[in-house]
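For reference, the chains in residue letters:
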Amino acid sequence: QVHLVESGGGLVQAGGSLRLSCAASGSIFSSYSVGWYRQAPGKQRELVAAITSGGGTNYADSVKGRFTISRDNAKNTVYLQMNSLKPEDTAVYYCKANSPLSAWYWGQGTQVTVSS
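Enquirer: Could you give me a rundown of the sheet that holds strand E3 (residues 18–25), with the residues and numbers involved?
Expert: One open sheet accounts for 4 strands, arranged E1-E3-E8-E7; its pairing is antiparallel. In this open sheet, the two edge strands, each paired with only one partner strand, are strand E1 (3–7) and strand E7 (67–72). With direction set aside, neighbouring strand axes in the sheet form an average angle of 15°. Summarising the sheet, E7 and strand E8 (residues 77–82) pair through 6 bridges and their orientation is antiparallel. Each residue of the ladder has a partner; that of Ser70, found in E8, is Tyr79.

Enquirer: Could you give an account of the pairing of E1, naming the residues involved and the relevant values?
Expert: Side chains Leu4 and Glu6 project from E1 onto a buried face, and the interleaved His3, Val5 and Ser7 project onto a face without burial. Of the pairings in the sheet, the one linking E1 to E3 comprises 5 bridges and is antiparallel in character. Looking at E3, one finds that Val5 is bridged to Ala23.

Enquirer: Break down unusual backbone geometry for me, with residues and values.
Expert: Positive phi, close to 50°, is recorded for Asn76, a residue that is not glycine. When you line up the elements, Asn76 lands in the loop between E7 and E8. Among the residues examined, Asn76 registers a relative accessible area of 25% and is labelled partly exposed. Here the phi dihedral of Ser84 falls at roughly 50°; this positive angle occurs in a residue that is not glycine. Take Ser84: it is sitting in the loop between E8 and strand E9 (91–98). Using a relative accessible area of 40% as the deciding quantity, one classes Ser84 as partly exposed.

Enquirer: I'd like a rundown of the state of the cysteines, residues and numbers included.
Expert: Going through the model one piece at a time under the given rule, you end up with 1 disulfide. Note that Cys22 is cross-linked by a disulfide to Cys95, the S-S spacing being 2.0 Å. With the S-S bond torsion at -80°, the cross-link from Cys22 to Cys95 turns out left-handed. With Cys22 in strand E3 and Cys95 in strand E9, this pair connects stretches of sequence that are 73 residues apart. Taken as a pair, Cys22 and Cys95 share a single burial class, namely buried.

Conventions we followed
- Residues numbered from 1 in each chain as written.
- Predicted model: local features only at pLDDT ≥ 70, side-chain atom pairs only at ≥ 80, totals over all residues.
- Heavy atoms only, no water.
- Pairing = 2+ DSSP bridges.
- Helix = DSSP H or I, 4+ residues; strand = E, 2+ residues; numbered from the N terminus.
- Axes fitted to C-alpha atoms, helices over the stretch in contact; angles between N-to-C directions.
- Buried < 20%, exposed > 50% of the residue type's maximum accessible area, 1.4 Å probe, protein only.
- Disulfide = S-S within 2.5 Å.

Right under this line is the structure:
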């Protein structure tokens, strides 16, 4: 079982940057795939970026070229670097980890607010 804690959210002006962190504890993390999701009020939760245990990445079209997901297995942490932020990026951002046995775990979320 894995406990995930997100951090790094906050208020930023359009065009600015934030770096989110997802820190894991309770299990071996390097074998997990990890995704960053976001949910705005009245909207479905959506996948914005994912990284496999081997380091392969995928991005939603809306963030491609602006966001970068990475992982540091020695620190049991996955990052989401967000550049060129837009007001439509405003949401609660959640980290989700999937184990090799298909168990999944959610963090509590961190608020990102982008002002125009």
